[in-house]
Amino acid sequence: MNPYRLAKPLLFSLPPETAHRTIHGLLAAARGTPVEPLLERRYRVEDPRLATRAFGLDFPNPVGVAAGFDKNAEIPTVLSALGFGHVEVGGVTAEPQPGNPRPRMFRLPEDEALINRMGLNNEGADAVGERLAAGPHPDIPVGVNLALSEVTPAEEAPADYRYTYERVADGADYFVVNVSCPNSEGFRDLQNRDSLEAILGTLVDAGADPLLVKLSPDLPDPAVEDALEVVDDLGLDGIIASNTTTSRPDTLRNPNRAERGGLSGKPIEAEATNMIRFIAERTDVPVVGVGGVSDAESAYRKIRAGAEMVQLYTGMVYEGPSISRDINRGLLDLLDRDGFDDVADAVGSGL
Ligand SMILES: Cc1cc2nc3c(=O)[nH]c(=O)nc-3n(C[C@H](O)[C@H](O)[C@H](O)COP(=O)(O)O)c2cc1C
């Protein structure tokens, strides 16, 4: 019996943000205690066929935690013990900020989806940077999702991102410029070519390496092509596709579909996978696939569409903490079934 099946009705009786805080708090309580090695034994799948190398880093498996789950970098070691291959902490902004008024996170259980308009609530670059530097660092790569402070006007964005990068640089292994959260006014406009060039160029100059950019699934194709050109010109190391969407597929059943914010989970799976394919067909820059990964098949579809690795958030809410183990085990079966030597062998095989 999966213990999460028992806990889920109780958790789902709480407001979503309270449920998240409860789970996050329980995981934080395990940090540095003998529970961590117990979790490792239960959840880690160690197999060289899952090992992945991307942007100069070694990942024990291709299943990572997406940005937003551990915004303040409090539990990367516990998420590592749960069997994830990497953790992306943040979004972190230069200034601490409370985010939007609550409620700001909504479940759509029939759709296995979430809508959120958190608004990048986080403790700010100084606090998160100190925590990351103090460690302990888990034995998997930790990335930091860098976002723009609400109070900073767009023209000062490059300096704002640079400030955050410099505060978190010591404790992290890779850096992601997030210009794609739909919940801050004007934030996604930073994806236009000029803004991207200015922000990414400043971070390259500051020494951010490896440096990735996370894009919105709502970007029209020509804008994605523009972004890819900037990525190529600046020699960036990777692209994360994608963030949440403001679109609302007709298939959504739960009334919360009317809430404002970014939709995540199963209903965005196909669209996110199409975006990965679109990018992988146009560039050799590594792609990290995010959006609706909930089981081995959905992870495998992204890998075959060109993703070197995947990340997830909403899948953990619906499937529980065994999700990375279940996906990694399932991926091994799928690799066997299709005659691939390892994950790298399957990357882009569906293109
Ligand atoms: C509550 C919540 C908060 C999020 N916060 C961030 C964030 O701070 N930065 C970011 O780049 N993405 C953020 N995301 C987006 C996720 O990282 C991911 O791109 C998106 O949810 C799609 O993946 P999923 O379907 O597996 O959830 C957040 C998502 C959720 C549900």
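To keep things clear, this report deals only with the structure shown in the data block.

Rules of the game
Residues numbered from 1 in each chain as written. Predicted model: local features only at pLDDT ≥ 70, side-chain atom pairs only at ≥ 80, totals over all residues. Heavy atoms only, no water. Helix = DSSP H or I, 4+ residues; strand = E, 2+ residues; numbered from the N terminus. Rg over C-alpha atoms; globule rule 2.2 N^0.38 Å. Buried < 20%, exposed > 50% of the residue type's maximum accessible area, 1.4 Å probe, protein only. Contact = heavy atoms within 4.5 Å. Lys, Arg positive; Asp, Glu negative; His and termini not counted. Charge placed at Lys NZ, Arg CZ, Asp CG, Glu CD. Near = heavy atom within 4 Å. Polar contact = N/O pair within 3.5 Å; in protein donor to acceptor, adjacent residues only side chain to side chain. Areas by Shrake-Rupley, 256 points an atom, 1.4 Å probe, with all protein chains shown as cover. Nonpolar A, V, L, I, M, F, W, Y, C, P; charged D, E, K, R; others polar. Pairing = 2+ DSSP bridges. Axes fitted to C-alpha atoms, helices over the stretch in contact; angles between N-to-C directions. Parallel < 35°, antiparallel > 145°, perpendicular 65-115°, else oblique. Left-handed = near helix turned anticlockwise from the far one by under 90°.

### Side note on the overall build of the protein chain
Of regular secondary structure, the protein chain possesses 13 helices and 13 strands. Taking 351 residues into account, the globule formula puts the C-alpha radius of gyration at 20 Å, and the protein chain, at 19 Å, falls close to it. Summarising its shape, the C-alpha atoms of the protein chain cover approximately 55 × 45 × 45 Å along the three principal directions. Each of the 351 residues in the protein chain was classed as buried or not, and the buried ones make up 59%. Residue pairs in contact within the protein chain that sit at least 24 positions apart in sequence constitute 74% of those at least 6 positions apart. Separation between the mean location of the 33 positive side-chain charges and that of the 55 negative ones in the protein chain comes to 9 Å.

### Section: the site of the ligand
The environment of the ligand is made up of 26 residues, and the closest members are Ala-67, Lys-214, Gly-265, Gly-292 and Thr-314. Take Ser-242: an N or O atom from its main chain is 3.0 Å from an oxygen atom of the ligand. In the model, an oxygen atom of the ligand is placed 2.8 Å from a nitrogen or oxygen of the Gly-265 main chain. Its free accessible area being 610 Å², the ligand has 99% of it covered by the protein chains. Counting residues per element, the ones that place at least two in the shell around the ligand are β4 (86-92), β6 (113-116) and β11 (262-265). Split by residue class, the shell around the ligand holds 10 nonpolar, 14 polar and 2 charged.

### Some remarks on the sheet that holds β6
Two strands in a sheet stick together by hydrogen bonds in their backbones, pointing the same way (parallel) or opposite ways (antiparallel). The antiparallel open sheet is built from 3 strands, whose spatial order is β5-β6-β11. Sheet topology places β5 (105-108) and β11 at the edges, where each strand pairs with a single neighbour. Strand-to-strand twist across the sheet, computed as the mean angle between neighbouring axes with direction ignored, equals 25°. Bridge analysis of β5 against β6 gives 4 bridges, and the strand direction is antiparallel. Bridge assignment links Phe-106 to a residue of β6, and that residue is Ile-115.

### So, the side chain of Asn-254
By secondary structure assignment, the location of Asn-254 is in the loop between β10 (238-241) and β11. Only 2.8 Å separates the side chain of Asn-254 from the backbone nitrogen of Asn-256, close enough to count as a polar contact. Among all residues touching Asn-254, those that are not within four sequence positions of it are Arg-107, Leu-108, Pro-109, Glu-110 and Asp-111.

### Here we look at the packing of helix α5 (residues 125-134) against helix α6 (residues 157-168)
The geometry of α5 relative to α6 is characterised by a closest axis approach of 7 Å and an angle of 25° between their N-to-C directions. Here α6 runs roughly parallel to α5, going by the angle between their axes. When the axes of α5 and α6 are compared, the crossing they make is right-handed. Judged by residue contacts, Ala-125, Asp-126, Gly-129 and Leu-132 of α5 engage Tyr-163, Thr-164, Arg-167 and Val-168 from α6. Grouping the constituent residues of the contact of α5 with α6 by class yields 4 nonpolar, 2 polar and 2 charged.

### Here we look at the sheet that holds strand β7 (residues 142-146)
Strand order in the closed barrel formed by 8 strands is β3-β4-β7-β8-β9-β10-β12-β13, with parallel pairing between adjacent strands. Taking each pair of neighbouring strands and ignoring which way they run, the sheet shows an average axis angle of 25°. With 3 bridges joining them, strand β3 (residues 63-65) and strand β13 (residues 307-312) adopt parallel strand pairing. The partner of Gly-64 across the bridge, within β13, is Gln-311. Along the sheet face, helix α10 (residues 296-304) touches β12 (287-290) and β13 and points at about 145° away from the line of β13.

### So, unusual backbone geometry
A cis amide bond links Gly-90 with the next residue in sequence, Gly-91, at an omega value of 5°. Within the fold, Gly-91 resides in strand β4. Omega for the bond connecting Gly-135 with Pro-136 falls within 30 degrees of zero, at 0°, which places this linkage in the cis form. With respect to the helices, strands and loops of the structure, Pro-136 is situated in the loop between α5 and β7. In this structure, Glu-112 is a non-glycine residue whose phi angle is positive, near 50°. With respect to the helices, strands and loops of the structure, Glu-112 is situated in the loop between β5 and β6.

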